[in-house]
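Descriptive structure summary
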Amino acid sequence: MPDSAHDTYDHLISLLDSSSIDYRLIDHEPEGSTEAVCALRGHPASEAAKCIVLRVKVDRRTTRHVLAVVPGDRRVDLDAVRTLFAARYVGFSDPETAERLARAVPGTVLPFSFDPDLELVADPDVLDRPKLYFNAARLDRSLLISGADYERLAKPRVERIAGPAEG
């Protein structure tokens, strides 16, 4: 996937520009860990979008892939996702599948889905943030937009999928 991350970044910027969304790019040292990149950007983890690709086994023959977006200081509640999809099993996607569907390497996954096989589900607490930070499909560049603008642009399915704050 040599140009995939670059293409994903360009797609995101093009989408933001064509939608007249206010955003700010933030350059920083390469980092993919939510906690560490929040420190580099200088904001609390609660203002970050943590993006996790999940494998959802609905039944023996049906597997769906979900991009779960939760506040950076919270965990994805796998039981809530399992209930949401009436699934038999929910777990983290393998890195190769996550990278292919998210069109980004782990640590740089956007809270947007540009693949029809990756369903986007965001916790409402993400959308309530006046400031929402996330890596912009690159380890060395992040983006800041409002939660409201994110919702308007990404059009996620909005469901309670965040577990308690990480301790």
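Just so you know, these numbers come straight off a predicted model, no measurement behind them. (Residues numbered from 1 in each chain as written. Predicted model: local features only at pLDDT ≥ 70, side-chain atom pairs only at ≥ 80, totals over all residues. Heavy atoms only, no water.)

**Let's talk about the packing of aromatic side chains**
Inspection of the entire model under this criterion finds three aromatic pairs. When the centroid spacing of 6.2 Å and the interplanar angle of 15 degrees are considered together, the rings of F112 and F114 count as stacked. With respect to burial, F112 and F114 carry one shared label: buried. Measuring from centroid to centroid gives 5.4 Å for F112 and Y150, while their planes differ by 85 degrees, and the two rings are edge-to-face. Residue F112 is found in the loop between α4 (95-102) and β6 (118-122), and its partner Y150 is found in helix α6 (residues 147-154); the two are separated by 38 residues along the sequence. Both residues of the pair, F112 and Y150, count as buried. Among the aromatic side chains, those forming a connected cluster through ring pairs are F112, F114, F134 and Y150. Its guanidinium or amino end placed over the ring of Y9, R138 lies 5.0 Å from that ring's centre, counting from NZ or CZ. The ring of F85 carries the charged tip of R157 above its face, separated from the ring centre by 5.2 Å. (Phe/Tyr/Trp six-rings, centres within 6.5 Å; stacked < 30°, edge-to-face > 60°. Buried < 20%, exposed > 50% of the residue type's maximum accessible area, 1.4 Å probe, protein only. Helix = DSSP H or I, 4+ residues; strand = E, 2+ residues; numbered from the N terminus. Lys NZ or Arg CZ within 6 Å of the ring centre and 35° of its normal.)

**Some remarks on helix α2 (residues 34-41)**
The set of residues buried in α2 consists of V37, C38 and R41. Looking down the long axis of α2, one finds its buried residues gathered within 105 degrees of arc, a one-sided arrangement. Exposed residues lying more than 90 degrees from the buried face of α2 are E35 and A39. The elements touched by buried residues of α2 are β1 (24-27), β7 (132-135) and β8 (141-145). (Arc of directions from axis to C-beta. Contact = heavy atoms within 4.5 Å.)

**Some points on the layout of surface pockets**
The volume enclosed by the largest pocket comes to roughly 370 Å³. Lining the largest pocket are 22 residues, and of these C51, I52, P106, G107 and V109 sit closest to its centre. Of all elements in the fold, only α2, β2 (49-57), α4 and β7 reach the threshold of two or more residues within the lining of the largest pocket. Sort the elements by how many residues they give to the lining of the largest pocket and β2 lands first, with five residues. (1 Å grid on protein atoms, 1.4 Å probe; cavity = no way out; pocket = protein on both sides within 12 Å on 5 of 7 lines; lining within 4 Å. Points joined across faces, edges and corners; volume = space filled by probe spheres on them.)

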